[in-house]
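The residues making up each chain are set out below.
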Amino acid sequence: MLHLITGGSGSGKSAYAEAQVMSAGIEKKIYIATMIPYGEEGRQRVERHRELRKEKKFDTLECYTGLENLTVPPDCAVLLECMSNLVANEMFEPQGAHERTVDAVIKGIHCLADQAGQLFIVTNEIFSDGISYDPDTQKYLEYLGEVNQKIAEMADTVTEVVYGIPLRLKEKGVTDETMLEQP
């Protein structure tokens, strides 16, 4: 089962994703952290997040690039946070995939989905601002958009969180007409 969760900054998507993992009823929970902790502020943020997850009994794996090389226990629940960082890392880090970013990330998602019982992926909605960007940032947006579309296509469930409210955009076995009828 693959669940893609998206939303803007501060939308509540991370809290929603963690709640979904907690309600999955799977004892072994893995949190895949993709943010490279640059500087003291970054390290403090990572430590704060680890403390918040500790009582939820997540095991944390740091994976900045090369997701396809990661091994997780079979049938565990995996929360990957966040796709935006992973795409940036693959594009810009020396050991990243660079122009092969989209293929590398999607290959990694397939590998995780094959191993995990349930896979939850958090990504950011960053395409609504209508601002023009420099070429590197524009390429990043293109790659992230392509990755998000491919994951959404693969996903059993896609949820957008807006102001803390989860809006189900896709659910396996539910038709568009049925989705529109839901309150």
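Thresholds applied
- Residues numbered from 1 in each chain as written.
- Predicted model: local features only at pLDDT ≥ 70, side-chain atom pairs only at ≥ 80, totals over all residues.
- Heavy atoms only, no water.
- Phe/Tyr/Trp six-rings, centres within 6.5 Å; stacked < 30°, edge-to-face > 60°.
- Helix = DSSP H or I, 4+ residues; strand = E, 2+ residues; numbered from the N terminus.
- Buried < 20%, exposed > 50% of the residue type's maximum accessible area, 1.4 Å probe, protein only.
- Core = buried A, V, L, I, M, F, W, Y, C linked by side-chain atoms within 4.5 Å.
- Contact = heavy atoms within 4.5 Å.
- Salt bridge = Lys/Arg side-chain N within 4 Å of Asp/Glu carboxyl O.

Any pair of aromatic rings gets described here by the distance separating the centres and the angle formed by the planes. Evaluation of the coordinates by the stated rule reveals one aromatic pair. With 6.1 Å between their ring centres and 90° between their planes, Tyr 31 and Phe 58 make a pair best called edge-to-face. A residue pair is termed long-range when its members are at least 10 positions apart, and Tyr 31 in strand 2 (residues 29-33) and Phe 58 in strand 3 (residues 58-62) qualify at 27 residues. Like Phe 58, Tyr 31 is buried.

Counting 31 residues, the largest nonpolar core has Ile 32, Leu 67, Met 83, Val 87, Ile 109, Ile 121 and Ile 151 as its most contacted members. Residue assignment for this core shows that the elements contributing at least two residues are strand 1 (2-7), strand 2, strand 4 (77-81), helix 3 (83-92), helix 4 (101-115), strand 5 (118-124) and helix 5 (135-154). Here the element with the most residues in this core is helix 5; it accounts for six residues. In contact with Ile 109, other than residues within four places in its own chain, are Leu 2, Leu 67, Leu 80, Met 83, Leu 119, Ile 121, Ile 151 and Met 154. Formed by 14 residues, the second largest nonpolar core is a distinct cluster that contains Val 21, Tyr 31, Cys 82 and Val 122.

Attention now moves to the pattern of salt bridges. Applying the stated criterion across every chain, the model contains seven salt bridges. A salt bridge links Arg 43 to Glu 40; its shortest N-O distance comes to 3.6 Å. Here the residue Arg 43 and the residue Glu 40 both occupy positions in helix 2 (residues 39-54), the gap between them amounting to three residues, near one helical turn. One salt bridge connects Asp 156 with Lys 172, and the closest N-O pair in it is separated by 3.6 Å.

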